[in-house]
Each structure stands twice: as structure tokens, then as C-alpha cells.
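Fold and contact review
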There are 2 protein chains.
Amino acid sequence: MHKLFYPECIAVIGVSEREVNMGRLIMKNIFEFGYTGEVFPVGRDGGTVFGRDILPSVTDLPKGIDVAIVITPSAIIPEIINECGHKGIKWIVIESGGFGEFSESGKHLGNNVLQAAKKWGIRMVGPNGLGIINMDNSLVTPFVTIQGEALKKGKVAILSQSGGVLFGLINLLGSNNIGVSKVVSIGNKLDLDEIDYLTYLIDDKETEIIVLYLEGISNGRKLMDIAKRTTKPIIVQKTNRYASSNQIARFHTEALATDDRVVDAALKQAGIVRARTFREVVDFVKILSIPPMKGNNLAIISRSGGIAISIADFASEYGFRLSSFSESFLRHVQDTSKGANVIKRTNPLDLGDVFDFDFYAELTEDIMNEKADGVLFQLGTTSDMEVEASIALVETFDHLAGKYQKPISVYFLSDEQSTAYLKRVLNYPLFTDPAEAMLALAVSRDHYRQNREIEQDESFPLFSVDDTTISNILERACKEKRYLVLSEALEITKAAGIDTAPYAVCSDPDQAIEWADRFGYPLALKIDVPSIVHKTDIQGIALNIADHQALRQGFNTLLARARENGFGNGIVVQKWISQGTEIILGGKVDETFGPVGVVGFGGIYAETYNDTSLGILPLTEKEADALIAGLIGYPVLTGIRGQARRDIPELRGAILRLSRLMVDFNEIKGIDINPFILMDDGKGGFAVDARILTGQS
Amino acid sequence: MHKLFYPECIAVIGVSEREVNMGRLIMKNIFEFGYTGEVFPVGRDGGTVFGRDILPSVTDLPKGIDVAIVITPSAIIPEIINECGHKGIKWIVIESGGFGEFSESGKHLGNNVLQAAKKWGIRMVGPNGLGIINMDNSLVTPFVTIQGEALKKGKVAILSQSGGVLFGLINLLGSNNIGVSKVVSIGNKLDLDEIDYLTYLIDDKETEIIVLYLEGISNGRKLMDIAKRTTKPIIVQKTNRYASSNQIARFHTEALATDDRVVDAALKQAGIVRARTFREVVDFVKILSIPPMKGNNLAIISRSGGIAISIADFASEYGFRLSSFSESFLRHVQDTSKGANVIKRTNPLDLGDVFDFDFYAELTEDIMNEKADGVLFQLGTTSDMEVEASIALVETFDHLAGKYQKPISVYFLSDEQSTAYLKRVLNYPLFTDPAEAMLALAVSRDHYRQNREIEQDESFPLFSVDDTTISNILERACKEKRYLVLSEALEITKAAGIDTAPYAVCSDPDQAIEWADRFGYPLALKIDVPSIVHKTDIQGIALNIADHQALRQGFNTLLARARENGFGNGIVVQKWISQGTEIILGGKVDETFGPVGVVGFGGIYAETYNDTSLGILPLTEKEADALIAGLIGYPVLTGIRGQARRDIPELRGAILRLSRLMVDFNEIKGIDINPFILMDDGKGGFAVDARILTGQS
């Protein structure tokens, strides 16, 4: 991909002399930003543009063109691809729209383009985008006017699925004096997608932070792998969050693991920072450009006591610790501050009526030497005279942050025009709201923490699993083109090594009584229905069977009901677990991210509160623990109100074995183990009901 | 208070010729902003300032001074008050600090000042603030330099407890071209507080929106009453949110109703909009300055398809409905748009490559005629040439919003400097982030809705309550200087008309058996402990007593235990409600807002999720219903998974009766009815346990 970003010779196809011609606008950007390679314009009407002759056809191009940029009507693009192929061009950037995003025929056209490209071994950017930008060689190819001041060279790469968003982000980053390294408007991703560009960018020396704006993720698993391999911060804004939230879920797990929750979980697991809005993208770029917050101790310094209170509120909200300052520090403040008694020497530190900016700088350095892992400094100008002093102070902050490798988040409060001016001229980030400045620090801290976790690179745990049993059951159901039934789902659960409440499938009451004598009462009876059927819908369950008589009676009732409904597999007789904490364990296959696991509280309340954690499978032990600890109801598991601590290792084991099951057996598309009951005495837990959805079903 | 804001003659006390003298700065602001009344500077060193002689003493002032502004060292202020009193001055604005905010001796000084003022019938603003501003007569009294461009005349009044915040808000409002009517830096509220100023401002013709920045609320109940009486939007930013979150709660209700949750509930109930950050204050002022969103139908128009997707995400998040446009509208768009096929005619409406701003205006008016209750228009300039057109378009929006009485929330995306410029020059609000623009519309919609509710002004329900019984119990406990015991709490609950599980206090097993025959088994036994004691801590409960034998045995065990612990009141024998939905009902007295009620789910999970609603008492039926419906677990009450709908009117009745109890009996400081059990069959509910905290305890 190096040639795509560093071509020596390019062609722009679709150029005319007309002022509003988009090809001409591309030429204009290329010349104005100072790209020094050869550029050949092509356009059927000929003429000249920026002193170059417009070649009437691709066939007129010389050999040795590295990249062609295409902005012609979409219909003729297949032909252009062929012509480019003949000329030996290997990289084509298609900016024209009118493909899959537009109509069915456009989609068809896209396929033709793709086939033509494949024939020639051509790789394509777009279509339906703004092309690429490389600030390292000043190659700027969008067909829109870009103000030079918005676009400066820097360390941030942007990949965007939307041209409008890309344009907006460049403007916002430029407003904050943040330059870009490389930009790709990835458009419809007909050929190259975010994974291809990312793979290149994580090795690109010019790039230190990568921003992705995505409306859909092409290959979530690869995105995660790439992100885990790099130490460069990756910020993703994924929109279209509610796109498929209306789909009907056949399984509980499907309903709990909506697409957007899966995206959230996956990005977090991969150490990717997710931004919700354009403003957050820019804020996160800003904070991740300065040294990270490596711990939770925060010092707050403010020019206003009132504003300090608001800042401290947000510090609490984001879980920061505001430690007291050391005695020696406070003595030092006392000694050096001129207005000895006016500073309230607490954290937050209220600067009171000290207006001495040099003292501010000194104070901040002193605090960097304290145990604070980061500083939030609230700055604001009380008069125009303070603007220069503010600039100098922020420059000192830049220096101090580098020297101590700790972040100083500057919350700057002034009128918006002055703030906009300072943001544009300063080489250090300013935040303009206490919530924003604090969120940025929280992102810095959490990103650092998460990356340390990932670096520790734990291997996935191995289990002894009865693979043969599982394969046999799956194969049989597949051959018979049918859903798994309850007893098969339970058998797979058991074979995977998940403790399962003892059960047996019986075809007559006498057999049931034999098992009852082994299991002991009370028992549960369940019709052995296909996994897709809700047993309660057909009154297919009898609980709390206490003796032989009740068993016989219940069995016969259910058997009759099973026959009525055409379920001839018999009745599952199971040890009834009447008491315990109901957990739901589940798995589903996400279109983008593959196997996903869910753990959460079951039962009527817990489902209402939807207290579940999601993880992309397979999981390490640590990740499984993090899922459990991430539940809001976690205190229930550790034992509140004097109750016993539940058997959390048992739960972790069950999650990991479910993980193994989902990953090793592709035929399995979904699992609901609901409930998995953790015993009240803290000893063990049992899968009580299981449903498994297979590929055939 | 009219004279305070409209004085004909003022004195500024504490003025000198020195450049940095704060009194001089006050004089400077007064002159520069063009106040036309008489101004007399006072300062012991004399001299002249802005062409006026500085009088050496207050005693040198002429008669007829309406307002004195004081910025002297705090120690001499009691004396100054006396001198002002002699001169007949009735309003004093104290800007000096050094009072209760600073030290204990400062607090003492404050008391002296207050007493001196009371003696003379003087009312005071501050101390420790920036004074007052009235843009109607250009009276600008802060001792800090204020840029003229930040401060223009408008319709927004600001009351701020912090000078720094006030200064910041004025800057931010000015940046958005929003002017102010009257401003008070209320400081320490030694005499006048926010209630006094609010009372004046709601009748002030110059003021249409009122902003309050508060770190503590002086009289919450009055604040609510005033807010309910006015149709002027009131925006409150209350910080110090976690100030007392660490206090130890003796009662469950105390733990659930933390101060900040009470503030939230109270403001909502009074129709006050709460802002979390300075930015939100400004955003909410902006949206509440244009016509309100009267329904939930939103139309989104965007210049970029990608940005439209992000906007639509937030529309979902805030619960807006994106209805399809009518056929006739779409035909019209088709007919009038030049690029017939490029616009995706869905909601969000993507403007595609239509660059015609006149068409944008036309389109927006058409949509105002559709069923949309409001519009979010995403605008951004693709070149400098579009800036003028954007200004004209936003001016049209202003006109359309007024004509159709619907809001158009403009999300403007450009570089921050251009945006800051446009915000300062336009007379119509711009928002700069999709989340922000959408939140603003949600605030507009919710504020409108809430105000309609309040306007309907339902009266509080009346109940027949056995007042005599309640008074007798409370009086007896008061006289004996002791806590109420369980049986008394249950009796009060019953007397208030809340259905209570049948119980009797027994002193021996035979008596218990007599009651058992009346109640029927199973029974619960409880030691009749003082309300403050946790029965479980002393194993003071026996549940599921099934027969006479178990009753006798359990009774004797508990009786022995009661005696061991010195609780000699006997044992409560109660009908045991073994099944049902556990609810917690409670009440506490908040320092600021008085009696507060809590309703929520009980039991181990629900408490973990803290699913509770709070309301300031007394409640109307509607408000009680809203509390119940506001629970996340509300679907459990309406019956999920085929369960019966619980008896919600029963629950509402219990809440309203608890409300009556808390309001009518001042002696009661806290109530926990936990659990109140709603029967699974949907028929009724019963208070099972009750604790009541009284003033003496």
C-alpha cells in the first residue's frame, strides 16, 4: 500500500476546464498543497488545467502511473478500470458515487467494477468517497475545497466511511491545532476496507493515533486483532447504533446482546477507545496525544472556588481520588505564595486571589512531584492582559507533562472566540467544559489500564471436553435436518464440562421412578422439546414433584401433552434445584465479531434491569472474571446482607467452557443456559435448562 | 427590591485612586457601561476618580442614597453599615470577602454585620460576590473588568453563588449573542437569598429566562413554589453534588434518597430544568429562548448522509419519533429540487449534492407544515462563500420557528473559529455537536410537557386517617423520650390507612395461640424492638411458623432473646405473607426540601440496582403514579411473562397515605415500610414491617 500513499506519478480522470468540475477541484487541491510528483489530468473534452494539458483518454497516459484518481460518471468506470489495467496502473481511487449506496443497479455496477479490477490485480479505494490525503508528500485528493489552515501535517490518521464526517473531523481537528498524517475516505469499501488501511497505518511511522469513523464494521475480529497488536491509540466512532435493534430475537441471548452492545464489548476488549460524538473524537485525540494517566490520583487546581466545586463533582463521577497534598508541599505553597492565607490549601486547590502566572507554573510542577498521577488545571483569563501569560503557562504545562510523563488536562473558560483562537495557536490541548476535561482524563486512565491488561497477553485456558459426544449429537441433528432437543442441549452442556443438574430422558413412568430413586426428590419434569420451542408456552414443565405418586401423575400428564404437540422424545426427569441465585449464560454468533458470550442475572427482576456483561469469545480467565465483576449485581455474588459468597470460580469455569463450546463447534449458533443456578451456600452451581441453536435450524 | 436594581443615586465605598483598587474598578464599570444616576465614591484617602471627588467618609455622603456598594476590608463593615443606617440607606451590596466562607471569625463578623443591618432595616446583597448588574439602566457593579462585547442587554437573568462561575457564564452567554437582564452575584447569602431575588425576577418584565448557579439551596420548598407559579423557564445548575454523600444513613430511605437525588426530584417536580455543566446552562438557555417542542415528532435534515446517521442515533437515544414524510411533501420535494434523484427522501432527509440554500429554506418551511413538532437541521459550510448564505438561512429559521411556533435546532459543523464568529453575530442559537443539539430538543420537549402537567394543578387527595391514634402514640413516645417500637410503627401505619398484615403484640405463648387461631397459619414472630434496632442483628425474627407447636417454641425462644436484649414489650405475632412483590416505601425529612417520599423495589436484587423513585411530599395522585411508572422495574408491576398485573392503585394509595403521614405529623422524621408486599394475584398489598423515626430519637 506504500505506493498508494507515496506515488511518484498520478493521473486524475474526469477533469475539465469548467470551474465547478470536480476533477478540476482535485487538481486544485493537489497543486495548492504542493504535491511534487507528476500529475496527468484526463478528460474527454481536453483543454488545459493549471498549466497542464488535459489528456482526452486514459489510453493517452504514459506508462509508470502509480495511482489513478477517478471522478467520472459511474457508468463508465468499468471501462476506465480496463484501460487503467492495460496501462499497468495498480492503485485506483474512485471518488464517484452512484454505486451500492444509491440503487440496486448501482450495486450491480459495483460488482462489475470489482471484477474488472480483480482481473488486472488492481486495488481500489472507495467508491463514493473523498479519496486520500497524505500530508507527508502533500497529496491531497478530495474534490472539495479544503482551507489550508484546517489541514496541517501531524500524527493523526483518519479513516472515514462518510465524506461529510471526514470533512467535519478535519475542520474540528484543525481548529484544535491538530494535524493529520494520512487520511482515507473509505467510502463504500468495495475492495479495500478499514482492515487493509489499518494494517498499513499501524506500521506507518508518520502516524501515532488512528481515528476511525464507521457506520458498519467489515471484519470485527480482525479489527480487534490489529488493535491488540499495536500500542498506537485507536479511536472508533461507530454510528448506526440502533440500525438492527428491532430484529426479532429467537433466543434470550440474542435479545440481550444487541449489535451495539457487542460493538461496545469488542472495542473495549481490544483496547480501542469508543467515541460517541464528533466532539468526543477530537477530545480523545487531544488527551491521547499527551502522556497517559497511570493511576487514579488527581490534583485539581482552579482560579475559582466555585468552578473547582463543579470540577470536583465530575472527579467523583469518574471515580478519581482527590488525595490531600503533603505537608511539605503545603508548607512550600505557604512560603512561596505572596498572599499567604488566601489560598485554600485543599484538593481542589483554589488559587484565590493569586494572579501570578509564574507562581501557577511553579505550583503545578510541585504538584507533579506529589503523588498525583495527573492534574486538572482550570484556567481562564480575567482580562485581555492575561492572554499572553496564559499561552506561556500552557506551554509550560506542555513541558511539565513531558518531563513528568503525567497529563495536565487544561480546562479553559473564557469567551468562545478567544478560546477558539487559543486552541488554534497552542500546541497543547485545551478543554472547554469541566465534564469534558474530566472525561478526557478518565479515558486516558482507562485506556492505559486496559492496554496494560492486554499486554499481559494471557493464554486461553484449556479444558478436557468430551468432544466426541458433542460432535455426535451435532452431526446427528444436522443429518436429520432438525433442531436439537432439550436433552441433547443438556448433554452437550454436560459434555462441555459445565455442571448440570442430574437428569434422564424417560419414556414411561416406571423408568422415571427408577431415576427418581437415584436422584432423590424433589424433581422437575420437562417435555423434551426442540430448543426453539418455549416449554412454558405449551405448559411443558412440572416443578417440585415431591413423591412417587406426584411423579407418576405429572409424568403422564406431560407425556400426553407431548404427544398432543407431536414431541415424541419422552420426558426429561431432572433433579429440581429450588433455591439459589439464577444466572443466565449464553452465546451467540455476531455477524461482525463472531462468537459472543453473555453472562448476567436471570429471574424476573434481573432481566428487567438487563444486568448482563458481554465478551467476544474465546475469553481468558481474567476476561471472564472481568465480565462477572462488571455486573451491577456483583455484590449479590460476593455475599451481601450476611449471605454466603457464591461460587464465583464455578461460574467462571462455566463461562469459559461455554466459550470453548462456541469457538470449537461452528455448528452452534446460539446457546441459552437459563437458569444456571449458583447455590446459596456458596458451593457450586448447576445448569438447569439449556437451549442450543444449530446452523441447520 | 425595585430600588436595589433601579437606584437613582448610589455610593461606592472603598474607592481609591490606585489603578488596581477594586472600588475604582467598580466605578470604571459603572461609568463605561453608562449608568446615568448619581454616583458618589467614598474612600478614606480621598482624591478623585473619573472626575469625581472621593469622599473620605460615609458620613460625608448626601441624603437620598438608594444603594451603597461596599468593597472595603471586611473588618470595618459593621461600622459602615451603621454609618449607612444613619444616612438612611436601605440597600447595601457587599462585595468584600472574608466572612463565613473564609474562617470561623469571619462567620462571627458576618453575624455582626447582619445584626447591624437588621437594626437599621437594611437589606444586603452578598457578601463575597461580584455585586449586581442591571442592563436596563446600565448599572454594572462587579469589581472585575468586563468586556463590553460579553455583556449586552437581553432577557436572561442570572443568580450565581460563585463569582467565578458568574463571570464564566456571562462570557459563554455573550459568546452566543445572548444578553442578560439582571444579574446578582448572591455570594454568601448572609441576608438576601435566591428566593428573594427570584420573587422579584419572576415579576420583572425585562426577564424571560432565569438561570441559577447554586452550591447549596437555601429553601427548597419555596424555590419549588415560586417555580411552579411562573411560566418563565428556570434553569438551575446545582453543584456540590457529592458533598454529603458520605453521611451514615440510619434508615434505608436515607440511604436511597441522597441529597442530590432529592434535588433532582424536587427540581423536576417544580418544572425546573437542571443543567450539569456550564455548557448545558448555555445550551438550555438557547433552546428555551425559541418556541418549545410540543410533541415527539422530529424531522432531521442534513447536508451529509453520514452526519445524518449520527444525528438519528441520538434521536433514538432521546426517544424522538422520526415519522415518514407525507406523499405530497415528497412529491413537492421531487418537483422543486433540481437534482431530482439525489435526495434520499427519508427521515433523516439527506440533502445529497443539493447546494441551493434557498431550496433548504423552502424545504424547511414545507416540513414545518408536516406533522413534525420540531426540526433538527445540520448545517455546515463547505466553503467561505457559503458563510453569508448560512447566515441568511439561519435568519429564515428564526422567522419560521416564530411563524409555526416550533423549534428548529441548528447543528452547525465547521471550524471552531468560524462557528464562534457566527454564534456571536447570529440572533438565533447554533449547536455544535449532534448530541448537544438533540439534548436541547429533548429538554425543550420535556420542559413543555412537565409544565403542562404542573398547570393542571391537581389538588392533593384527602383520606380519612385515624389522627387521634397516631397523635397519641407519638405523644407518648415523645413524653417518654424514647424511640417508637415496631408495634407502634405498625399501628401508625394501619391508622394512616395503609393495609397492614394483621398482627398482635403478645406477652405469652397462650395469647399468641389465641391470635394464631384468628389469623391462621403461617405466622411470623418478631421481637417488638425500637425502630432504630435491626431485628436481624439480634436474630429477632422467626418466619414460616406453621402450627401451634412451632409457635409456642418460637415464641419462647424470641421472648428469651428479647429479655436478654432488654426489649420488654413482648412479641409481635403477625400473619406471614410468604409470596409477593417486595416494595420499599419510605419517607425522610430533607434539610432543604422537607418531607420526601421514596418508592422502589425491595429484596436483594432490586436494592442492588437501587430502583427507586423520589418525590417531594405531599404528592398528587398523578405524581404518585408518575413515581411508580418511573421505576425501571415497572413492567414487573404491570405483569410480564404472563403474570398478573399487581394492584397498582393499592400501591398508589399507600404512597399517598405515607405522604399524608409525613406532611401532617412533624414529629415523624423518617419512615421505612419495608417490605410492602404486593400480592402475586394482583389483589391488594400489605405493609409487613415498619420503622418510624421520631424527632426525639
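Residues numbered from 1 in each chain as written. Chains lettered and ligands numbered in written order. Predicted model: local features only at pLDDT ≥ 70, side-chain atom pairs only at ≥ 80, totals over all residues. Heavy atoms only, no water.

1. A look at the confidence of the model for chain A
- A residue-level look at chain A finds 96% of positions with pLDDT of 70 or above and a mean pLDDT of 92.
- For this predicted complex, the interface confidence reaches an ipTM of 0.92, while the overall pTM sits at 0.93. (pLDDT = per-residue confidence, 0-100.)

2. What about the relation of the copies chain A and chain B?
- Superposition record for chain A on chain B: RMSD 0.0 Å, screw rotation 180 degrees, translation along axis 0.0 Å. Such a turn and shift between the copies fits a two-fold axis.
- Same-surface contact between copies: 100% of interface residues of chain A are shared with the interface of chain B. (Least-squares fit on C-alpha atoms with pLDDT ≥ 70 in both. Contact = heavy atoms within 4.5 Å.)

3. Structural notes on the pairing of strand β8 (residues 131–134) of chain B
Residues and elements named next belong to chain B.
- Bridge count between β8 and strand β11 (residues 180–185): 4 bridges; the pairing is antiparallel. Bridging from a neighbouring strand, G131 pairs with S185 of β11.
- Across 2 bridges, the pairing between β8 and strand β9 (residues 139–140) is antiparallel. Bridge pairing links N134 to L139 in β9.
- Linkage of β8 to β9, two consecutive antiparallel strands, is achieved through a turn of 4 residues, within which S138 is found at a positive phi near 60 degrees. (Pairing = 2+ DSSP bridges. Helix = DSSP H or I, 4+ residues; strand = E, 2+ residues; numbered from the N terminus.)

4. Overview of the interface of chain A and chain B
- Contacts between the two partners involve 71 residues from chain A and, on the opposite side, 71 residues from chain B.
- Carbon and sulfur atoms make up 55% of the surface buried where chain A meets chain B, a total of about 5,900 Å² over both sides.
- Contact with chain B buries area across many residues of chain A, yet E416, Y605 and Y609 of chain A alone supply 12% of it, more than any other trio.
- Counting across the interface, chain A meets chain B through 12 salt bridges.
- E436 of chain A serves as the salt-bridge partner of R279 of chain B, at 2.7 Å between the closest nitrogen and oxygen.
- Counting across the interface, chain A meets chain B through 32 residue pairs in polar contact (both at pLDDT 80 or more).
- Listing elements by their share of the side of chain A that touches chain B, those giving two or more residues are α5 (163–175), α10 (278–288), α11 (305–317), α15 (416–425), α16 (434–455), β24 (581–590), α21 (603–609) and α23 (634–638) of chain A.
- In terms of residue class, the side of chain A that touches chain B is made up of 25 nonpolar, 27 polar and 19 charged. (Buried area = accessible area lost by both parts, 1.4 Å probe. Salt bridge = Lys/Arg side-chain N within 4 Å of Asp/Glu carboxyl O. Polar contact = N/O pair within 3.5 Å; in protein donor to acceptor, adjacent residues only side chain to side chain. Nonpolar A, V, L, I, M, F, W, Y, C, P; charged D, E, K, R; others polar.)

5. Regarding the environment of E365 of chain A
Residues and elements named next belong to chain A.
- With respect to the helices and strands, E365 occurs in helix α13 (residues 357–369).
- Classification of E365 by relative accessible area gives partly exposed; the value is 24%.
- Separated by 251 residues in the primary sequence, E365 and L114 have C-alpha atoms spaced 58 Å apart.
- What E365 contacts, discounting residues up to four positions off in sequence, is L400, K403 and Y404. (Buried < 20%, exposed > 50% of the residue type's maximum accessible area, 1.4 Å probe, protein only.)

6. Thoughts on empty space enclosed by the protein
- Per the counting criterion, the structure on display carries 6 cavities of 30 Å³ or more.
- Size it by volume and the largest cavity reaches roughly 510 Å³.
- Along the wall of the largest cavity there are 31 residues; nearest its centre are R279 and T432 of chain A together with R279, K423 and T432 of chain B.
- Those elements giving two or more residues to the lining of the largest cavity turn out to be α10 and α15 of chain A together with α10 (278–288) and α15 (416–425) of chain B.
- Residues that form the lining of the largest cavity fall into these classes: 10 nonpolar, 8 polar and 13 charged.
- The volume enclosed by the second largest cavity comes to roughly 60 Å³.
- Considering the residues around the second largest cavity, the lining is formed by N297, L298, A299, S323, S324, F325, N347, E370, K371 and A372 of chain B.
- Residues that form the lining of the second largest cavity fall into these classes: 4 nonpolar, 4 polar and 2 charged. (1 Å grid on protein atoms, 1.4 Å probe; cavity = no way out; pocket = protein on both sides within 12 Å on 5 of 7 lines; lining within 4 Å. Points joined across faces, edges and corners; volume = space filled by probe spheres on them.)

7. Concerning the packing of aromatic side chains
- Evaluated as defined, the whole model comprises 17 aromatic pairs over all chains.
- Residues F325 of chain B and F329 of chain B carry aromatic rings whose centres are separated by 5.0 Å and whose planes lie at 55 degrees to one another, so their mutual orientation is tilted. This pair shows no difference in class: F325 of chain B is buried, exactly as F329 of chain B is.
- Here a set of aromatic residues connected by ring pairs shows up, and it is made of F357, Y360, F377 and F397 of chain A.
- Positioned above the aromatic ring of F320 of chain B is the side chain of R445 of chain B, whose terminal nitrogen or guanidinium carbon lies 4.3 Å from the ring centre.
- When the ring centre of Y448 of chain B is taken as reference, the NZ or CZ atom of R452 of chain B above it lies at 4.3 Å. (Phe/Tyr/Trp six-rings, centres within 6.5 Å; stacked < 30°, edge-to-face > 60°. Lys NZ or Arg CZ within 6 Å of the ring centre and 35° of its normal.)

8. With respect to the pattern of salt bridges
- The full count for this structure, using the stated rule, is 72 salt bridges over all chains.
- Across the salt bridge formed by D467 of chain A and R660 of chain A, the nearest N and O atoms sit 3.6 Å from each other. A residue pair is termed long-range when its members are at least 10 positions apart, and D467 of chain A in helix α17 (residues 467–479) and R660 of chain A in helix α24 (residues 648–664) qualify at 193 residues.
- Residue classification places D467 of chain A among the partly exposed residues on the basis of a relative accessible area of 32%.
- Across the salt bridge formed by R482 of chain B and E488 of chain B, the nearest N and O atoms sit 2.8 Å from each other.
- According to the relative accessible area criterion, R482 of chain B is partly exposed, its value standing at 24%.

9. Considering the packing of α17 of chain A against helix α18 (residues 486–495) of chain A
Residue and element names in this part refer to chain A.
- Orientation of α17 relative to α18, taken along the N-to-C sense of each, is 155 degrees, at an axis distance of 9 Å. Classified by the interaxial angle, the pair formed by α17 and α18 is roughly antiparallel. The interaxial crossing formed by α17 with α18 has left-handed handedness. Along the contact surface, α17 presents T469, I470, I473, L474 and R476, while α18 presents E488, E491, I492 and A495.
- Grouping the amino acids of the contact of α17 with α18 by side-chain chemistry returns 5 nonpolar, 1 polar and 3 charged. (Axes fitted to C-alpha atoms, helices over the stretch in contact; angles between N-to-C directions. Parallel < 35°, antiparallel > 145°, perpendicular 65-115°, else oblique. Left-handed = near helix turned anticlockwise from the far one by under 90°.)

10. Quick look at the sheet that holds strand β22 (residues 541–545) of chain A
Residue and element names in this part refer to chain A.
- Spatial strand order, β20-β23-β21-β22: 4 strands in an open sheet with antiparallel pairing. On the outer flanks of this sheet lie β20 (503–506) and β22, each paired with one strand and no other. Across the sheet, the mean angle separating the axes of adjacent strands is 20 degrees when strand polarity is ignored.
- Looking at chain direction, strand β21 (residues 523–527) and strand β23 (residues 571–575) are connected through 5 bridges and run antiparallel. By the bridge assignment, L525 is partnered in β23 with V573.

11. Focus: the packing of helix α22 (residues 621–629) of chain A against α24 of chain A
All names here are of chain A.
- Put simply, α22 and α24 touch, their axes get as near as 10 Å, and they point 115 degrees apart. Considering how the two elements wind past one another, α22 and α24 form a crossing that is right-handed. Between α22 and α24, the contacting residues are E621, A624, D625 and I628 on the first element and I648, L651, R652, I655 and L656 on the second.
- Of the residues assigned to the contact of α22 with α24, the class counts are 6 nonpolar, no polar and 3 charged.

12. So, the nonpolar core
- Ranked by internal contacts, the top residues of the largest apolar core, which has 286 residues, are I158 of chain A together with I158 and F377 of chain B.
- Residues in contact with I158 of chain A, not counting those within four places in the same chain, are L166, L169, I170, L173, V180, K182, V183, V184 and V211 of chain A.
- Among the nonpolar cores identified, the runner-up in size contains 96 residues, and L631, L658 and I671 of chain A together with L619 of chain B belong to it. (Core = buried A, V, L, I, M, F, W, Y, C linked by side-chain atoms within 4.5 Å.)

13. Focus: the side chain of E215 of chain A
- Assignment of secondary structure puts E215 of chain A in the loop between β12 (209–214) and α7 (220–229).
- The class of E215 of chain A is buried, set by a relative accessible area of 16%.
- E215 of chain A has contacts with Q161, S162, K238, T239 and N240 of chain A together with G306 and I309 of chain B, leaving out every residue within four places of it along the chain.

14. What to know about the sheet that holds β11 of chain B
Residues and elements named next belong to chain B.
- Reading across the sheet, the 7 strands line up as β9-β8-β11-β10-β12-β13-β14 and stay open at both edges, with mixed pairing between neighbours. Taken across any chain shown, the strands that pair with only one partner, and hence form the sheet edges, are β9 and β14 (273–274).
- Relative to strand β13 (residues 234–238), strand β12 (residues 209–214) runs parallel, the two being bridged by 5 bridges. Considered in β13, the bridge of L212 is made with V236.
- Across the sheet, helix α5 (residues 163–175) is in contact with β8, β10 (153–160), β11 and β12; its angle to β10 comes to roughly 160 degrees.

15. Observations concerning helix α24 (residues 648–664) of chain B
Residue and element names in this part refer to chain B.
- Here α24 contains 17 residues, and its C-alpha end-to-end distance of 24 Å stays within 8% of the 24 Å for a straight helix at 1.5 Å per residue.
- With respect to burial, α24 is a largely interior element, 12 of its 17 residues being buried.
- Here α24 has its buried residues at I648, E650, L651, G653, A654, I655, L656, R657, L658, S659, L661 and M662.
- Of the residues that open α24, the one with a side-chain oxygen 3.1 Å from the backbone nitrogen of E650 is D647. (Expected span 1.5 Å × (residues − 1).)

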